[in-house]
Amino acid sequence: FQNYLLHKELKERTIYDYMMVINQYLEDWKPYKIDAISRTMIQTKHTSLSQRSKAQANMAMRVFRAIYNYSVEHYLDENDKPILDAHNPVKTLNAKNAWNKVRRRKSYINEDQMPDWIKAVFEYQDRGQKNETNRDFLLTLVLTGCRREECGSRPGSSIDLRDGRITSIDPKEGEPHTLPMGDFLFALMKKRRALITSEWVFPSAKSKAGHITNISKVRNKINDSCGIHFTFHDLRRTFGSIAENLDYGRYTIKRLLNHKEDDDRDVTSGYIQVSEKKLREARKAIEDIVLCEYKTTTEDE
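Remember, it's a predicted structure, so these values are computed and weren't measured experimentally.

A few words now on the pattern of salt bridges. Pairs can form between side chains of opposite charge once their charged atoms are near each other. One pass over the structure, following the stated rule, counts 15 salt bridges. The residue aspartate 163 makes a salt bridge to arginine 162 at a minimum N-O spacing of 3.0 Å. With relative accessibility at 28%, the residue aspartate 163 sits in the partly exposed group. One salt bridge in this structure joins aspartate 234 and arginine 237, with 2.5 Å as the shortest N-O distance. Highlighted residues: aspartate 234 and arginine 237, both in helix α11 (residues 232-245), separated by three residues, approximately one helical turn. By relative accessible area, which is 19% here, arginine 237 ends up buried.

Next up, the structure:
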């Protein structure tokens, strides 16, 4: 597992999840050599973990599968042949159709809940909040629809205050993705650039990375204060749902969310270019719905 981590370029969150699997879910397997893990052990472990969480049980088996596959290719004998049996024991779950069926989350903050939620975010108070980093982080998530890790690790260089654009790096392809900002987001980023001296838009003195990585405690406090329970990814779904309800077209929404076209047969997507004017208009319309009466809070500062 340690060699696997050394040879793979993994996101911080992925490493965290893998460490949790090894140190918690598969902790009792540590004394075993990897080829001692049998199909029966896989089935028993998966069944046991599924009683706690079906999703976590699947994740644990995917992690073991990845480490095993890596080991097959990495550890070779003197004849350049794999030491391990190339048949991964996790395949027994495929053969028995034993993988848990986990429904994808579809929760989001609906428009009736939005006034209460945004009020709780703007009124959130906590120690070390003179720069309102946590508040601004949550606002940026819901106003851009970007992923938590992508937003937290955003460098100051990704903000173009001259042309009012914000650039993200596609987490899968590694390609830059530049979009215009709405008026409120532009004012918020302008304020953050004036306040911070760090290279990060959302710095954190407590994080080893130097930027926000986990503010679940803040989220939980806001959950409690307004009675609306949300996850960070719910904010991405909220952004997409608002855009859909505003009747923006499919390709505009995909561009806003930086979604790749899954169907290679859809050749039309390669010919459609959504204008910056259209994208900026969409950002502003989404801001109007999300921010309610708080629309001018940062713009007027």
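In this section: the sheet that holds strand β3 (residues 176-180). Within the open sheet, the three strands sit side by side as β1-β2-β3. Their pairing is antiparallel. What marks the edges here is a single partner per strand, and that holds for β1 (159-160) and β3. The sheet contact formed by β1 and strand β2 (residues 165-169) spans two bridges and is antiparallel. Counted as the bridge partner of isoleucine 159 is isoleucine 166 from β2. Strand contacts of helix α13 (residues 276-291): β2 and β3, with the helix running at about 70 degrees to β3, the strand carrying the most contacts.

As enumerated under the stated definition, the model contains nine aromatic pairs in all. Summarising the aromatic geometry, the rings of phenylalanine 122 and phenylalanine 184 are spaced 6.3 Å apart at their centres and angled 75 degrees between planes, so their arrangement reads as edge-to-face. With a gap of 62 residues between them, phenylalanine 122 in helix α6 (residues 114-122) and phenylalanine 184 in helix α9 (residues 183-195) connect regions that are remote in the sequence. On the basis of relative accessible area, phenylalanine 184 is assigned to the buried category, the value being 0%. Cluster of aromatic residues (ring-pair linked, three or more members): Tyr4, Tyr18 and Tyr70.

Here helix α4 (residues 54-74) is 21 residues long and its end C-alpha atoms lie 30 Å apart, about the 30 Å a rise of 1.5 Å per residue gives. Residues of α4 that are buried: Ala57, Asn58, Met59, Ala60, Met61, Val63, Phe64, Ile67, Tyr68, Tyr70, Ser71 and Val72.

What counts, and where the lines are drawn
For every chain, the first residue of its written sequence is number 1, and the numbers climb from 1 along that sequence. The predicted nature of this model means local features are confined to residues of pLDDT at least 70 and side-chain atom pairs, given and counted, to a pLDDT of 80 or more, with totals for whole chains, interfaces and linings taken over all residues. With hydrogens and water stripped out, all remaining heavy atoms of the structure feed into the side-chain values. Within this document, salt bridges are pairs made up of a side-chain nitrogen of Lys or Arg and a carboxyl oxygen of Asp or Glu, the two lying within 4 Å of each other. Think of it in three bands: with a 1.4 Å probe and only protein chains considered, a residue is buried below 20% of the maximum accessible area for its type, exposed above 50%, and partly exposed in between. Only runs of H or I of at least four residues qualify as helices and only runs of E of at least two qualify as strands under DSSP, and these elements are numbered from the N terminus. Only when DSSP finds a minimum of two bridges between them are two strands counted as paired. Residue contacts are defined here by distance: any two heavy atoms, one from each residue, within 4.5 Å place the two residues in contact. The convention used is that axes are lines fitted to C-alpha atoms, helices contributing only their stretch in contact, and that angles between N-to-C directions extend from 0 to 180 degrees. Two aromatic rings from Phe, Tyr or Trp, using only the six-membered ring of Trp, form a pair when their centres are within 6.5 Å; if the ring planes differ by under 30 degrees the pair is stacked, by over 60 it is edge-to-face, and anything between is tilted. In this analysis, the expected span of each helix is defined as 1.5 Å times one less than the number of residues it contains.

The analysis is restricted to geometry; functional conclusions fall outside its scope.
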